[in-house]
Amino acid sequence: QHRAVMYMLYGILAVLGSMGLLYLMIILSHCLVLYSVALAKQRWLCYVAGLCCLASFKVEPFSSWQSGFVTGAFDLQDVLFYGGCGFTIMRCMSFALENSERKEGIYSLFDLLKYNFYLPFFFFGPVMTFDQFHAQVSTRELRRKDDELKNIRVQALLHVGAIIAVDIFFHFFYILTLPSDLKFMNRLSDWSLAGLAYSNLVYDWVKAAVMFGVTNTIARLDHLDPPQPPKCITMLYVFAETHFDRGINDWLCKYVYDHLGENHDSIMKELVATIATFAVTTLWLGPCEIVYIWSVFNCFGLNFELWVQKFFQQEPFAKLEAKMSAAMSRRIRAAFGAANFWAIVLYNILALNSLEFALLVTKRLLLTGFPVSTLSIWFITYCGVQLIKERERILAIEEEKCDKAKVE
């Protein structure tokens, strides 16, 4: 509790020092608005008020009007302003929604300020839902697991290495700037284009892992268990696990996706849940053409996975798979997973680079590169997915053994 209060004060001072008193007043005004709404304990009112506040930072002319109150000028001003404001609204919405679910009493305004201005998470996240933060901060008995401090030190050293890697990528590699030169891109081979597209996603993953990993290390020293850094892009072959910010993903799943989709077995409920989730995500990222396209494609990918799953659960496919060995079933699923992997890559380089670059890579891999480049890249990806699935199988067996040992 005392450390959370201390970090809250540090957070308020950081806001004052970075962008001035007016910026702090903007943040506090949104906190007060959503705290007032939380007192009514109406979920729909919390959603409406929170999304309207979020829109005021993402939609013109309200965003420019509010950013005009920020004093001074420096390179990270936009990042700190929109980052701090965006995360503030998401945290305030979580507070309001959790308050509406509380059966007896209400959380105090001090609980909200302590939650929002916790300095390690304030500007760059990740977003912990209020129920998790409040439960962990309110714990009186603070005990560390065996070798926990050693693990924290190891993670800190790994993050230092990752920071150096990001700096080298940023200053000495041109994977971020090359996609903007389409004339040069047209002269590259199919393999080079595919590698460049993949490298852009790897760089974005490393950058996110560093950003969230550093703040998570500080939070773990405070006996918190924050959302983990994103899963490595190389390990992703299903849309359901595709996220670069686990905090926002946990927030969306808890308050939108799982709330509307329930058990995610119904095609219609899943469609409604994914559309609502990506609508909120679009508002969070800032509505624009490229974000609209990114949202539509990823929403389609998430639903298409369920449609394919439902289709192959029908007869005679279910009987055919039941007759297959487990290894053969994994091979067939890995073949679909390899195609899915490149769909994830192509859909997400839209947001990282440009629509033109994404269209060029798609054309070269699927049309002009067919069949040699297409099939060879797909086969190598298939082998990678097989390795990932085998690793997941081994980890699942080890986890099952540990669970049995605990029961015994």
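These numbers were taken from a predicted model, which means no experiment stands behind them. (Residues numbered from 1 in each chain as written. Predicted model: local features only at pLDDT ≥ 70, side-chain atom pairs only at ≥ 80, totals over all residues. Heavy atoms only, no water.)

Now for the state of the cysteines. In this structure the tally under the stated criterion is zero disulfides. For Cys-53, which is in no disulfide, the shortest distance to another cysteine sulfur is to Cys-52 and amounts to 7.1 Å. Note on Cys-288: no disulfide assigned, nearest cysteine sulfur contributed by Cys-299 at a separation of 17 Å. (Disulfide = S-S within 2.5 Å.)

Core analysis: the biggest nonpolar cluster contains 53 residues, and Tyr-23, Phe-95 and Trp-251 have the highest contact counts within it. Within the residue set of this core, elements represented by two or more residues are helix H2 (21-38), helix H3 (43-58), helix H5 (77-101), helix H6 (109-116), helix H7 (119-122), helix H8 (130-137), helix H12 (246-261) and helix H13 (267-285). Considering each element in turn, this core owes the most residues, 11 residues, to H5. Both domains that meet at this core, namely domain 1 (1-138) and domain 2 (160-407), each give it at least three residues. Leu-196, Val-210, Trp-342 and Leu-365 belong to the second largest nonpolar core, which has 38 residues in total. (Core = buried A, V, L, I, M, F, W, Y, C linked by side-chain atoms within 4.5 Å. Buried < 20%, exposed > 50% of the residue type's maximum accessible area, 1.4 Å probe, protein only. Helix = DSSP H or I, 4+ residues; strand = E, 2+ residues; numbered from the N terminus. Domains from an automatic or database assignment.)

A word on the UniProt feature "transmembrane region" (unreviewed entry) in the protein. If you check UniProt for "transmembrane region" (unreviewed entry), the listed places come out as residues 7-36, 117-135, 156-176, 267-285, 332-353 and 365-385 in our numbering. Taken end to end, residues 267-285 comprises 100% helix and 0% strand; its first and last C-alpha atoms sit 26 Å apart. Taken end to end, residues 332-353 comprises 95% helix and 0% strand; its first and last C-alpha atoms sit 32 Å apart. (UniProt positions renumbered as here; feature names shortened; annotations may be inferred.)

What follows concerns helix H17 (residues 355-368). Relative to the 20 Å expected for 14 residues at 1.5 Å per residue, H17 spans 18 Å between its end C-alpha atoms, a close match to the ideal helical length. Every buried residue of H17 is listed here: Phe-357, Ala-358, Leu-360, Val-361, Arg-364 and Leu-365. Down the axis of H17, the smallest arc covering the buried residues is 165 degrees, so these residues share one side. Projecting away from the buried face of H17 at angles above 90 degrees are the exposed residues Leu-359, Leu-367 and Thr-368. (Expected span 1.5 Å × (residues − 1). Arc of directions from axis to C-beta.)

The next point concerns the pattern of salt bridges. In total, this model carries 12 salt bridges according to the counting rule given. Between Lys-231 and Glu-241 there is a salt bridge; the shortest N-O distance is 2.6 Å. In this pair, Lys-231 sits in the loop between helix H11 (190-221) and H12 while Glu-241 sits in the loop between H11 and H12, placing the two residues 10 residues apart along the sequence. What makes Lys-231 partly exposed here is its relative accessible area of 21%. Among the residues examined, Glu-241 registers a relative accessible area of 29% and is labelled partly exposed. Shared partners join several salt bridges into a network, and the residues in it are Glu-98, Asp-131 and Lys-254. (Salt bridge = Lys/Arg side-chain N within 4 Å of Asp/Glu carboxyl O.)

As enumerated under the stated definition, the model contains 27 aromatic pairs in all. Seen in terms of ring centroids, Phe-312 and Phe-317 are 5.0 Å apart; in terms of plane orientation they differ by 65 degrees. Their pairing is edge-to-face. Classification of Phe-312 as partly exposed rests on a relative accessible area of 32%. The exposure class assigned to Phe-317 is partly exposed, which follows from its relative accessible area of 28%. Positioned above the aromatic ring of Trp-284 is the side chain of Lys-58, whose terminal nitrogen or guanidinium carbon lies 5.4 Å from the ring centre. A cation over a ring is seen here: Arg-102 above Tyr-107, with NZ or CZ 4.3 Å from the ring centre. (Phe/Tyr/Trp six-rings, centres within 6.5 Å; stacked < 30°, edge-to-face > 60°. Lys NZ or Arg CZ within 6 Å of the ring centre and 35° of its normal.)

A surface patch of nonpolar side chains, amounting to about 620 Å² of accessible area, comprises Phe-311, Phe-312, Leu-320, Met-324, Met-328, Ile-332 and Phe-336. For the nonpolar patch, the elements supplying multiple residues, two or more each, are helix H14 (289-312) and helix H16 (326-352). Of the residues examined, Leu-320 reaches a relative accessible area of 46% and is grouped as partly exposed. (Patch = residues over 30% accessible without salt bridge, like charges linked within 9 Å, V, L, I, M, F, W, Y side chains within 5 Å. Areas by Shrake-Rupley, 256 points an atom, 1.4 Å probe, with all protein chains shown as cover.)

What follows covers the side chain of Ser-100. With respect to the helices, strands and loops of the structure, Ser-100 is situated in helix H5. With relative accessibility at 13%, the residue Ser-100 sits in the buried group. Of note is the side chain of Ser-100, whose polar atom sits 2.6 Å from the backbone oxygen of Leu-97. In this structure Ser-100 touches Lys-41, Gln-42 and Arg-43, once residues within four positions along its chain are discounted. (Polar contact = N/O pair within 3.5 Å; in protein donor to acceptor, adjacent residues only side chain to side chain. Contact = heavy atoms within 4.5 Å.)

Quick look at the packing of H11 against H17 now. Contact geometry for H11 and H17: axes closest at 10 Å, N-to-C directions at 135 degrees. It follows that H11 is oblique to H17 by the angle criterion. Here H11 and H17 pass one another in a crossing that is left-handed. Only Phe-357, Leu-360, Val-361, Arg-364 and Leu-365 of H17 make contact with H11, whose side of the interface consists of Asp-190, Leu-193, Ala-194, Leu-196 and Ala-197. (Axes fitted to C-alpha atoms, helices over the stretch in contact; angles between N-to-C directions. Parallel < 35°, antiparallel > 145°, perpendicular 65-115°, else oblique. Left-handed = near helix turned anticlockwise from the far one by under 90°.)

Backbone geometry follows two general trends: most residues other than glycine have a negative phi, and most peptide bonds adopt the trans configuration. Following Gly-125, the chain continues into Pro-126 via a peptide bond in cis, with omega recorded as 5 degrees. Looking at where Pro-126 falls in the secondary structure, it is placed in the loop between H7 and H8. The residue after Phe-370, namely Pro-371, is reached through a cis peptide bond having omega 5 degrees. Structurally, Pro-371 can be placed in the loop between H17 and helix H18 (372-407). Phi angles above zero are rare outside glycine, and His-223 is one such case at about 65 degrees. With respect to the secondary-structure elements, His-223 resides in the loop between H11 and H12.

Next up on the list: H13. With 19 residues, H13 ought to run about 27 Å at 1.5 Å a step, and its terminal C-alpha atoms sit 26 Å apart, in line with that. Along H13, the residues that are buried comprise Glu-270, Ala-273, Thr-274, Thr-277, Phe-278, Val-280, Thr-281, Thr-282, Leu-283 and Trp-284. In the segment just after H13, Gly-286 is the residue with positive phi, at about 105 degrees.

Turning our eyes to something else, we now look at the domain arrangement of the protein. For the protein, the assigned domains are domain 1 (1-138) and domain 2 (160-407). Computed over C-alpha atoms only, the centres of domain 1 and domain 2 are separated by 29 Å. At the junction of the two partners, domain 1 supplies 30 residues and domain 2 supplies 24 residues. Both sides of the domain 1 and domain 2 interface together cover about 2,400 Å² of buried area, and 69% of this is carbon and sulfur. It is Lys-58, Met-90 and Pro-126 in domain 1 that bury the most area against domain 2; as a group they hold 22% of the surface buried on that side. Inspection of the region where domain 1 meets domain 2 yields two salt bridges. The shortest N-O distance in the salt bridge between Asp-131 and Lys-254 comes to 3.6 Å. Inspection of the region where domain 1 meets domain 2 yields eight residue pairs in polar contact (both at pLDDT 80 or more). Mapped by element, the contributors of at least two residues to the side of domain 1 that touches domain 2 are helix H1 (2-19), H3, H5, H7 and H8. At seven residues, the largest contribution of residues to the side of domain 1 that touches domain 2 is made by H5. A class-by-class count of the residues in the side of domain 1 that touches domain 2 yields 20 nonpolar, five polar and five charged. (Buried area = accessible area lost by both parts, 1.4 Å probe. Nonpolar A, V, L, I, M, F, W, Y, C, P; charged D, E, K, R; others polar.)

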